[in-house]
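Listed here are the chains, written in short residue letters.
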Amino acid sequence: MFTHNEVLQTNAMIDSEHLDVRTITIGISLLDCIDSDLAKLNENIFNKIERIAHDLVPVADKIQTKYGIPIVNKRISVTPIALIGQAACKSEDDYVSIAKTLDKVAQAVGVNFIGGYSALVHKGMSEAEEMFIRSIPKALALTNNVCSSVNVGSTKTGLNMDAIRLMGTTIKQCAEYTKDNDSIGCAKFVVFCNAVEDNPFMAGAFHGVGEADAIINVGVSGPGVVNAALQNVKGESFEVLCETIKKTAFKVTRMGQLVAHEASKALNIPFGIIDLSLAPTPAIGDSVADILEAMGLERVGAPGTTACLALLNDAVKKGGVMAGSYIGGLSGAFIPVSEDQGMIDAVNAGALTLEKLEAMTCVCSVGLDMIAIPGDTSAETISGIIADEAAIGMINQKTTAVRVIPVIGKGVGEQVVFGGLLGYAPIMPVNQFSCADFVNRKGRIPAPIHSFKN
């Protein structure tokens with residue numbers, strides 16, 4: 001039960017510190033939809049998603065009204081389509097037809113994104129999976145609500161460099177297909193190492209094959225709340241700093257736990273996990289960068305930034321895990337450039353570079369996220385960026401990801417506006433030296449020695 005004081009504190013967080021539930025995501029298994037007939041497969045997919053998720057938006061709206069807690073996004077994740085479509089799909093366009101079905105049902109039930117147009121190729125690719133991946137640029141260009149992801153490596157399997165090489169080409173094609181809209185197709189596509197099966201956040205959410213038939217996953221968010229709490233402990237010791245973050249994360253997670261259980265009960269769908277991640281928005285005061293600067297940095301990107309982020313990520317996990325019955329997803333701190341006003345300001349000030357962001361991903365929840373780069377960046381260079389980021393995840397036994405947008409027709413010093421929660425971003429410079437001979441080697445980078453646990 002919540003005490004009267006907790007209710008008052010939560011109301012203050014909502015009113016002035018941007019506290020919200022960032023997403024309620026229903027994960028839905030499509031394994032029982034598989035059929036060798038493409039029309040029947042699409043019919044099965046639409047009918048199952050519509051049946052399970054048709055009340056998601058009204059239920060979320062009722063919870064929001066009842067408790068006064070903003071619920072920003074209502075979303076769906078599904079079993080990776082590369083698995084679901086193999087028996088029926090004989091061409092790239094066949095897979096695209098499934099993307100259109102996902103888009104249609106997302107609009108029918110009123111969610112803003114549906115994730116799971118995905119493939120898991122961390123150790124190898126079948127011909128069907130490669131065909132699916134080659135369908136991604138067209139699928140994202142022809143849909144509005146579909147998000148896509150590909151897992152190209154893991155600590156247990158190493159890195160599939162053939163897939164990573166294909167990722168560079170895929171991202172460039174996504175950019176070209178949507179060049180009239182600032183290459184926004186790339187904002188709906190993410191490349192993972194060590195992808196998790198219960199992530200509620202887009203663009204990387206998919207419903208893992210080891211999950212139940214349907215589950216409720218909730219993503220909470222409170223960068224503004226943490227930042228406000230830190231204003232009261234300036235100059236205090238690291239112990240006080242850590243305890244303040246932990247206590248704040250506990251309160252934020254308690255709110256997420258309440259919403260998750262209410263949604264689970266109303267929808268009659270089992271509760272899966274709460275994702276603790278601090279996910280910023282472009283709104284002033286809702287920034288992870290502001291938190292790091294409240295710890296004592298003049299600007300994000302200054303020496304000490306990675307240490308600040310490591311402290312933040314750890315304290316959020318320690319505080320949140322005690323407030324929820326099941327914690328999962330990514331759970332930590334996101335550092336998407338275009339979605340965080342403080343990150344944008346740091347880039348514009350010359351404090352934050354792509355290389356520093358890569359260093360920060362060693363200790364944060366995910367990786368290089370929502371970064372706009374010059375449109376003429378080569379596919380090989382993008383593959384090299386992905387390989388670097390995936391290597392960090394593989395060696396450190398953590399999830400890492402890349403969501404970069406090579407904005408066709410724009411270069412360093414220019415700006416791109418995506419709108420909404422995706423925000424806007426300055427075009428960041430990319431190292432001009434070539435890695436083509438490296439990424440064009442065939443095969444896999446082996447798993448690290450410490451992956452052998454049996």
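Rules of the game
Residues numbered from 1 in each chain as written. Predicted model: local features only at pLDDT ≥ 70, side-chain atom pairs only at ≥ 80, totals over all residues. Heavy atoms only, no water. Axes fitted to C-alpha atoms, helices over the stretch in contact; angles between N-to-C directions. Helix = DSSP H or I, 4+ residues; strand = E, 2+ residues; numbered from the N terminus. Parallel < 35°, antiparallel > 145°, perpendicular 65-115°, else oblique. Left-handed = near helix turned anticlockwise from the far one by under 90°. Contact = heavy atoms within 4.5 Å. Salt bridge = Lys/Arg side-chain N within 4 Å of Asp/Glu carboxyl O. Buried < 20%, exposed > 50% of the residue type's maximum accessible area, 1.4 Å probe, protein only. Pairing = 2+ DSSP bridges. Core = buried A, V, L, I, M, F, W, Y, C linked by side-chain atoms within 4.5 Å. Phe/Tyr/Trp six-rings, centres within 6.5 Å; stacked < 30°, edge-to-face > 60°. 1 Å grid on protein atoms, 1.4 Å probe; cavity = no way out; pocket = protein on both sides within 12 Å on 5 of 7 lines; lining within 4 Å. Points joined across faces, edges and corners; volume = space filled by probe spheres on them. Nonpolar A, V, L, I, M, F, W, Y, C, P; charged D, E, K, R; others polar. Patch = residues over 30% accessible without salt bridge, like charges linked within 9 Å, V, L, I, M, F, W, Y side chains within 5 Å. Areas by Shrake-Rupley, 256 points an atom, 1.4 Å probe, with all protein chains shown as cover.

Draft legend 1. A look at the packing of helix α2 (residues 38-53) against helix α5 (residues 92-109). Where α2 contacts α5, the two axes come as close as 10 Å, and the packing angle between them is 25 degrees. The angle between the axes of α2 and α5 places the two elements in the roughly parallel class. The chirality of how α2 crosses α5 is right-handed. Residues Leu38, Leu41, Asn42, Ile45, Phe46, Ile49, Glu50 and Ala53 of α2 form the contact with α5, whose own contacting residues are Asp94, Ser97, Ile98, Thr101, Leu102, Lys104, Val105, Ala108 and Val109.

Draft legend 2. Structural view of the pattern of salt bridges. Under the defined criterion, the tally for this structure stands at 15 salt bridges. Here lysine 66 ties to glutamate 262 by a salt bridge, and the two come within 3.6 Å at their closest N and O atoms. In this pair, lysine 66 is assigned in helix α3 (residues 56-67) and glutamate 262 in helix α9 (residues 238-267), connecting sequence segments 196 residues apart. For glutamate 262, a relative accessible area of 23% puts it in the partly exposed group. Among the charged side chains, a salt-bridge network with shared partners connects Asp20, Arg22 and Asp286.

Draft legend 3. Main features of the sheet that holds strand β5 (residues 153-154). Judged by pairing direction, the sheet is antiparallel, and its 3 strands sit side by side in the order β5-β6-β14 without closing on themselves. The sheet is open, and its two edges are formed by β5 and β14 (444-445), each paired on a single side. Strand direction decides the pairing type here: strand β6 (residues 158-160) and β14, joined by 2 bridges, are antiparallel. Following the sheet pairing, leucine 159 is matched in β14 by isoleucine 445. The strands touched by helix α7 (residues 161-177) are β6 and β14; relative to β6, the strand with the most contacts, the crossing angle is about 50 degrees. Helix α14 (residues 379-396) rests against β5, β6 and β14 of the sheet, and its axis sits at about 155 degrees to β6.

Draft legend 4. Broad picture of the nonpolar core. The biggest cluster of nonpolar side chains holds 133 residues, and the ones touching the most others in it are Ile24, Ile49, Ile81, Tyr117, Ile245, Met295 and Leu312. Considering each element in turn, this core owes the most residues, 9 residues, to α9. In this structure methionine 295 touches Leu230, Leu241, Ile245, Cys308, Leu311 and Leu312, once residues within four positions along its chain are discounted. Residues Val196, Ala205, Leu330 and Val366 belong to the second largest nonpolar core, which totals 14 residues.

Draft legend 5. Seen up close, the pairing of strand β9 (residues 271-275). Among the 5 residues of β9, 5 are classified as buried, and the element is accordingly described as predominantly covered. Pairing geometry for strand β8 (residues 214-221) and β9, over 4 bridges, is parallel. From the neighbouring strand, glycine 219 faces β9, where its bridge partner is aspartate 275.

Draft legend 6. The arrangement of the packing of aromatic side chains in detail. This model, assessed by the stated rule, comprises 4 aromatic pairs. Summarising the aromatic geometry, the rings of tyrosine 117 and phenylalanine 132 are spaced 4.5 Å apart at their centres and angled 45 degrees between planes, so their arrangement reads as tilted. Linking tyrosine 117 in strand β3 (residues 113-120) with phenylalanine 132 in helix α6 (residues 127-141), this pair joins segments that are 15 residues apart in sequence. The burial state of tyrosine 117 is the same as that of phenylalanine 132; both residues are buried.

Draft legend 7. Structural view of empty space enclosed by the protein. Applying the stated criterion to the full structure yields 2 cavities of 30 Å³ or more. Reported here for the second largest cavity is a volume of approximately 40 Å³. Along its surface, the second largest cavity is lined by Val220, Ala249, Val252, Thr253, Leu276, Leu278, Val316 and Gly320. Among the secondary structure elements, those contributing two or more residues to the lining of the second largest cavity are α9 and α11 (305-321). Per-element tally for the lining of the second largest cavity: the top contributor is α9, with 3 residues. By residue class, the composition of the lining of the second largest cavity is 6 nonpolar, 2 polar and no charged.

Draft legend 8. Structural view of the sheet that holds β8. Taking strand neighbours across the sheet as the criterion, the 9 strands line up as β9-β8-β1-β2-β3-β4-β7-β11-β10 in an open arrangement whose pairing is mixed. At either end of the open sheet lies a strand with only one pairing partner, and these are β9 and β10 (368-374). Each strand of the sheet is rotated relative to its neighbour by a mean of 25 degrees, with strand direction disregarded. Of the pairings in the sheet, the one linking strand β7 (residues 189-193) to strand β11 (residues 400-407) comprises 3 bridges and is antiparallel in character.

Draft legend 9. Fine view of a nonpolar patch on the surface. A contiguous nonpolar patch, built from Leu31, Ile34, Leu83 and Val209 and spanning about 310 Å² of accessible area, is present on the exposed surface. With respect to the element layout, valine 209 can be found in the loop between β7 and β8. Under the relative-accessibility criterion, valine 209 is labelled partly exposed at 46%.

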